[in-house]
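Observations on the model geometry
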Amino acid sequence: MTPTDSGVAIRRALLSVSDKAGLADLGKALAARGVELISTGGTATALREAGLTVRDVSDLTGFPEMMDGRVKTLHPMVHGGLLAVRDDAGHARAMQEHGIGAIDLVVVNLYPFQQTVAKGAGRDEIIENIDIGGPSMVRSAAKNHAYVTIITDPADYAGLAAELAETGGATRLDFRKEMAAKAFAATAAYDAAIAGWFARADRQQHFPPTRAVASRLATTLRYGENPHQQAALYLPAFSALGTGIPQAEQLQGKELSYNNYNDANAALELVGEFAGAAPTVAIIKHANPCGVATAPTLLEAWEAALACDSVSAFGGIVATNVPLDGPTAEAICKIFTEVVVAPGADEAARAAFTRKKNLRLLISQGLPDPLRQGFNQIVIAGGLLVQDRDNGAITRDMLKVVTRRQPTEQELKDCLFAWTVAKHVKSNAIVYVKDGITAGIGAGQMNRRDSSRIAAMKAQEAAGTYGWAQPRTVGSAVASDAFFPFADGLLAAAEAGASAIIQPGGSIRDDEVIAAADAAGLAMVFTGMRHFRH
């Protein structure tokens, strides 16, 4: 029979932790309730230094710790005390015959394996930091949570103390269930980190036969993409966090929604491409750029980016590659903006944003590295697609001119700018750029010609809105994220006034497309790399 919610009294506890934070206070609280403390190695030493009476595991088992501490708790006197079903007559008889005492509470956290890897330790030291006895005790206690309480996180010491205080020295089944679930998640994450290291270090497997990935809950969100969907934010359990929206400091505004996280990430990833460059602003809507510009000042960059598509910018996300200043903040506040993210903001900028109480202002911890390694994954019905993140980059020296006319210096600059932006636009992507400013962006269409025409249409609308003599697509460079399968997309760009084209090349009709470019007097360069973004 399983114990009821009246609780299981804590009379005997086994403590073995690598993280000594809060250990002394926990030991004192348990001892004050008359709980017998059993411990190992450094944990026992720390408890004794705190003035507590501790029984060594070696005294319990009758065997000394041996083999440099590799063998100490892997013994029936320990695991029998953890796994015994207390109200099973056969288990009780075995305990009595072999002198096995029940262990009611286990407090364990594991060897710092990932921290050892992260500091660049050698293989032998890494192997020694693979915990064996700890996970075994954790799993035994968690399996037998009907009778045993398992604590794996120092953050739960306070919860344990509160539970004992409320029950007079016992733990209730719901509490033990919660701690057991957390314990199994902890050992699963720990094993995932070890498996990942072996895949990389020993067999150099890019995609191992079994892929184990662990993450921890950072926060739950109000809802997902739509109100009927639940959502949460998770962070990697055992890897460097890097620089991203989850690490940014939110200075004001409502909590971030699922869509805010997704769009703000897209914005920060895009401006990360311009780290160290002149002031750059990216405006994102529904994870697609609707205006990107580089200029001598941040205010000029904002005004130019906004002019690309001021209609779509309403309710969008703004990201900058340099700290925000007051004039730029004042200008951003003139339209409705959901989130602004930047690697800093001066006092004038912060003051300006305080007048927009619902606007979320995020200060990022730098900019993400566009060349970093990593994986992207998508859940599909019945499976999981995993790929390297798109960290492909093109330099000027890699471009191949394929037309009779050579691009001018400015056209080359604009081609590379357009190519960088196109990498962050949903396919089929067409991006017109003139003088470091997006003139029109066509995203997510089912054919490239329509993307070209939509981008040109937006440029035409912008010209009408701002009273320009002609749209900025005239004399622009245009990027296509993948090759033109037919000449129609290129001809649509030429009709919009583009003078230079950058595209991957590789179509069976490349000769036809090149001929169309030559006939239109365009300069065209091939990258040899595409940037599909579905």
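Provided above is the structure to which this section pertains.
Residues numbered from 1 in each chain as written. Predicted model: local features only at pLDDT ≥ 70, side-chain atom pairs only at ≥ 80, totals over all residues. Heavy atoms only, no water.

Comments concerning the pattern of salt bridges
Any two side chains of opposite charge can pair, given that their charged atoms come close. Taken as a whole and assessed by the stated rule, the structure comprises 20 salt bridges. The partner of Arg 360 in a salt bridge is Glu 338, with the nearest N and O atoms 2.6 Å apart. Pair noted here: Arg 360 is in strand S15 (residues 360-363) and Glu 338 is in strand S14 (residues 337-342), with a separation of 22 residues, a long-range link. A network of salt bridges, in which partner residues are shared, links Arg 12, Glu 36 and Arg 55. (Salt bridge = Lys/Arg side-chain N within 4 Å of Asp/Glu carboxyl O. Helix = DSSP H or I, 4+ residues; strand = E, 2+ residues; numbered from the N terminus.)

Let's talk about the pairing of S15
Along S15, one buried face is formed by Arg 360 and Leu 362 and the opposite face, lined by Leu 361 and Ile 363, is buried too. Bridge count between strand S10 (residues 249-252) and S15: 3 bridges; the pairing is antiparallel. Within the sheet, the bridge partner assigned to Glu 249 lies in S15 and is Ile 363. Across 4 bridges, the pairing between S14 and S15 is parallel. Bridged to Ala 342 within S15 is Ile 363. Traced from S14 through helix H15 (residues 347-353) to S15, the parallel crossover comes out right-handed. (Buried < 20%, exposed > 50% of the residue type's maximum accessible area, 1.4 Å probe, protein only. Pairing = 2+ DSSP bridges. Right-handed = clockwise from strand over helix to strand, strands pointing away.)

Examining the environment of Glu 409
The residue Glu 409 is located in helix H16 (residues 409-422) in this model. With 328 residues separating them in the primary sequence, Glu 409 and Gly 81 have C-alpha atoms 77 Å apart. A polar side-chain atom of Glu 409 sits 2.5 Å from a polar atom in the side chain of Arg 396. (Polar contact = N/O pair within 3.5 Å; in protein donor to acceptor, adjacent residues only side chain to side chain.)

A closer look at the packing of helix H17 (residues 448-466) against helix H18 (residues 488-495)
At their nearest, the axes of H17 and H18 sit 7 Å apart, and the two run at 10° to each other. As summarised for this structure, H17 and H18 are arranged roughly parallel, according to the angle between their axes. Residue-level inspection shows Arg 449, Ser 452 and Arg 453 of H17 in contact with H18, the latter providing Asp 488, Gly 489, Ala 492 and Ala 493. By residue class, the composition of the contact of H17 with H18 is 2 nonpolar, 2 polar and 3 charged. (Axes fitted to C-alpha atoms, helices over the stretch in contact; angles between N-to-C directions. Parallel < 35°, antiparallel > 145°, perpendicular 65-115°, else oblique. Contact = heavy atoms within 4.5 Å. Nonpolar A, V, L, I, M, F, W, Y, C, P; charged D, E, K, R; others polar.)

Points about the state of the cysteines
With the rule as written, the count across this model stands at 0 disulfides. Cysteine Cys 333 is unpaired, with the sulfur of Cys 290 as its nearest cysteine sulfur at 17 Å. Taking relative accessible area as the criterion, Cys 333 reaches 11% and is therefore assigned buried. Between Cys 415, a cysteine without a disulfide, and Cys 308, which holds the nearest cysteine sulfur, the sulfur-to-sulfur distance is 17 Å. Using a relative accessible area of 1% as the deciding quantity, one classes Cys 415 as buried. (Disulfide = S-S within 2.5 Å.)

Considerations on the nonpolar core
Counting 54 residues, the largest nonpolar core has Leu 30, Phe 113 and Ile 150 as its most contacted members. In terms of residue count, helix H10 (residues 173-201) provides more of this core than any other element does, 8 residues in total. Beyond its immediate stretch of four places on either side in the chain, Leu 30 contacts Ala 13, Leu 15, Val 35, Leu 37, Leu 105 and Leu 164. Listed in part, the 43 residues of the second largest apolar core include Ala 264, Ile 317, Val 341 and Ala 477. (Core = buried A, V, L, I, M, F, W, Y, C linked by side-chain atoms within 4.5 Å.)

Some thoughts on the packing of aromatic side chains
With the rule as written, the count across this model stands at 7 aromatic pairs. Ring centres 6.4 Å apart and planes at 70° place the aromatic pair Phe 113 and Tyr 190 in the edge-to-face group. Of the two residues, Phe 113 sits in helix H6 (residues 113-118) while Tyr 190 sits in helix H10, which places them 77 residues apart along the sequence. A residue is classified by how much of its surface remains accessible, and Phe 113, at 1% relative accessible area, is buried. Ring centres of Tyr 466 and Trp 468 lie 5.4 Å apart, and the angle between their planes is 15°; this geometry places the pair in the stacked category. Under the relative-accessibility criterion, Trp 468 is labelled partly exposed at 27%. Here the basic side chain of Arg 211 rests over the ring of Phe 375, its NZ or CZ set 5.7 Å away from the ring centre. (Phe/Tyr/Trp six-rings, centres within 6.5 Å; stacked < 30°, edge-to-face > 60°. Lys NZ or Arg CZ within 6 Å of the ring centre and 35° of its normal.)

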